[in-house]
Amino acid sequence: MFEVIIGLEVHVQLNTNSKLFCSCATSFGEEPNTNVCPTCLGLPGALPVLNKEAVHKSIMLGTALKSEISRKSIFNRKNYFYPDLPNGYQISQFEVPIVGLGELVIDFPDGSQKTIGVTRAHLENDAGKSKHAANESLVDLNRTGTPLLEIVSEPDMRTAEEAILYLKKLHSIVRYLGISDANMQEGSFRADVNVSIRPKGDTNLNTRCEIKNMNSFKFIEKAIHYEVNRHIEAWEDGIHSTEIVQETRLFDADTGETRSMRGKEDAADYRYFPDPDLLPVVVTEEMFEKYSQIPELPDEKKERFVKDFGIKEYDASVITASLETANFFDEMMSEGITGKNAVTWLTVELASRLVEGITLETSPVQAKKLAQVVKSIEDGTISGKAAKEVLDYLMQNDVEVEAAIEKLGLKQVSDDGAILEIIDAIIAANQDKVEQYKAGKDKLFGFFVGQTMKASKGTANPAKVNELLKQRLS
């Protein structure tokens, strides 16, 4: 039996307006090589100037991860040669990162938790992007110099499930803090996955392989499973020491396999040394106090939802996993409805109608309107079944909830006289069943309820129907 060892290096692109060391824009999707200047192109004589907003956002993340914040950190040059790295080196933090030891707690579906250690988080500038065609390679340097926070975990994860839970929690925290859009499709949140195995009970860390630049939770999970199986097979075949070497690998989404990219360099290979053009980064007490005041995070929001709104912990976990969903739910609750109904109508009814590219942000039915639908159920204006028809109508028509109810004719009848008129007619037409009911056949009560609701075309208030039927039948 083997134990899997997983560590993650997550690159988060900070949402500053300009790059880390120059004033070029960080906007995505511009014409290639237009967001560039002498500094990010590495031209002689151009000097870097640190973007202070990147430092502020680093302090916020460090606070969220309960990390040590270095009051004085330095930038190093990480030397390597690649076509999309115009300087021939990357400016990064090696010896003294701005964020030190911290932790992140992951939540399992059964309610249990596990703490994953965070080794460090350091600032660095991103490289450009290479595009490879059949006979040529093109380089776009728009991304060069974009500020990144690289968050390095301890090798504390033992399954692909734990790795995905860690990544999703970190993704959520970054979004809650507002320091990155964390758009995985655009590369704003991507991970390098380090995988190794060892026999159960062993404490040594064996040769690891790094799967580079993953930006999909689904593909990360598949890559880990493939890589673990590859390591185990090599071990069982007795070729682990020759087959499994320290290297960087790429994941092929079409085949579901990883393949070798290049040998994995050690720190010495990068010839790190302090960048002579940059002063140390000093975090003042005033700066620390200001930027360590962070917004409510997923765990705190989850705790508040359970305590204040009486919803289940699992439901609170589902809702708070996404900042947009959590804010939507919060706004619904401001309308004075019950937490249980709000959860159902948000996570089941509305969610099932968000199809064909419609998201929570673009939904025709926003929080206050959905809350009004729920309130209409709770105050007896419409039934739960009718509310589904109302929601369907609202998804297609921009009208108020009350107008939709009137248009569809779904307002519940709660008037005793109107309901009794229907009940008396049904009793008169079914005297044989009345006698059977009075003789002890209690199950027939459901028949009378059903007939009354049918005769009212579903508009009779069910609670009133039950109350008045019991009076008449007794």
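Placed above this text is the structure.
Here's what I pulled together on the structure shown here. (Residues numbered from 1 in each chain as written. Predicted model: local features only at pLDDT ≥ 70, side-chain atom pairs only at ≥ 80, totals over all residues. Heavy atoms only, no water.)

What follows concerns the overall build of the chain. Each helix and strand counted, the chain has 16 helices and 15 strands in total. Relative to a compact globule of 474 residues, whose C-alpha radius of gyration would be 23 Å, the chain shows 30 Å and is clearly more extended. Overall, the C-alpha framework of the chain stretches about 95 × 55 × 50 Å when taken along its three principal axes. When the 474 residues of the chain are sorted by exposure, 47% land in the buried category. Here the chain has roughly 23,600 Å² of accessible surface; of this, 50% comes from carbon and sulfur atoms. The averaged location of the 73 negative side-chain charges in the chain is 3 Å from the averaged location of its 54 positive side-chain charges. (Helix = DSSP H or I, 4+ residues; strand = E, 2+ residues; numbered from the N terminus. Rg over C-alpha atoms; globule rule 2.2 N^0.38 Å. Buried < 20%, exposed > 50% of the residue type's maximum accessible area, 1.4 Å probe, protein only. Areas by Shrake-Rupley, 256 points an atom, 1.4 Å probe, with all protein chains shown as cover. Lys, Arg positive; Asp, Glu negative; His and termini not counted. Charge placed at Lys NZ, Arg CZ, Asp CG, Glu CD.)

Here we take up the environment of Lys-302. Tracing the chain through its elements places Lys-302 in helix α6 (residues 298-309). Sequence separation between Lys-302 and Val-318 is 16 residues, and the spatial gap between their C-alpha atoms is 9.1 Å. Beyond its immediate chain neighbours, meaning those up to four positions away, Lys-302 contacts Asp-107, Glu-313, Ala-316, Ser-317 and Thr-320. (Contact = heavy atoms within 4.5 Å.)

Turning next to α6. Across its 12 residues, α6 extends 16 Å between first and last C-alpha, which sits within 8% of the 16 Å expected from 1.5 Å per residue. Along α6, the residues classified as buried are Pro-298, Lys-301, Lys-302 and Phe-305. Projected down its long axis, α6 shows its buried positions confined to an angular sector of 105°, all on one face. Turned more than 90 degrees away from the buried face of α6 sit Glu-303 and Lys-307, all of them exposed. (Expected span 1.5 Å × (residues − 1). Arc of directions from axis to C-beta.)

Turning our eyes to something else, we now look at the side chain of Lys-369. Here Lys-369 lies in helix α10 (residues 367-378). If sequence neighbours within four positions are ignored, Lys-369 has contacts with Leu-394, Asp-398, Val-399 and Val-401.

Core analysis: the biggest nonpolar cluster contains 98 residues, and Tyr-166, Leu-167 and Met-332 have the highest contact counts within it. The element that contributes the greatest number of residues to this core is helix α2 (residues 160-177), accounting for 10 residues. Excluding residues that lie within four positions of it along the chain, Tyr-166 makes contacts with Leu-8, Val-10, Leu-104, Ile-106, Ile-116, Val-118, Ile-151, Ser-153 and Met-157. Counting residues in hydrophobic clusters, the runner-up holds 17 residues, among them Phe-445, Val-449, Ala-460 and Leu-469. (Core = buried A, V, L, I, M, F, W, Y, C linked by side-chain atoms within 4.5 Å.)

The next thing to look at is the sheet that holds strand β14 (residues 273-274). On the basis of which strands lie adjacent, the open sheet formed by three strands has the order β4-β3-β14 and antiparallel pairing. Only two strands of the sheet have a single partner each, and these edge strands are β4 (89-92) and β14. When strand β3 (residues 76-79) meets β14, the two strands line up antiparallel, connected through two bridges. Paired with Asn-76 across the two strands is Pro-274, which belongs to β14. (Pairing = 2+ DSSP bridges.)

All right, on to the pairing of strand β10 (residues 189-199) then. Counting buried positions over the 11 residues of β10 gives 10, a clear majority of the element. Of the strand pairs in this sheet, strand β1 (residues 2-13) and β10 are connected by 11 bridges, and their pairing is antiparallel. Across the sheet, the residue bridging to Ile-5 is Ser-196, located in β10. Taken together, the four bridges between β10 and strand β11 (residues 209-214) define a ladder with antiparallel strand orientation. Bridge assignment links Asn-194 to a residue of β11, and that residue is Glu-210.

This paragraph deals with the packing of helix α8 (residues 323-333) against helix α9 (residues 339-353). With their axes 10 Å apart at the nearest point, α8 and α9 run at an angle of 135° to one another. Classified by the angle their axes make, α8 and α9 are oblique. Handedness of the crossing formed by α8 with α9: right-handed. For the pair formed by α8 and α9, the contact residues are Thr-325, Phe-328, Phe-329, Met-332 and Met-333 on the first element and Gly-339, Ala-342, Val-343, Leu-346 and Leu-350 on the second. Classifying every residue of the contact of α8 with α9 by side-chain character gives eight nonpolar, two polar and no charged. (Axes fitted to C-alpha atoms, helices over the stretch in contact; angles between N-to-C directions. Parallel < 35°, antiparallel > 145°, perpendicular 65-115°, else oblique. Left-handed = near helix turned anticlockwise from the far one by under 90°. Nonpolar A, V, L, I, M, F, W, Y, C, P; charged D, E, K, R; others polar.)

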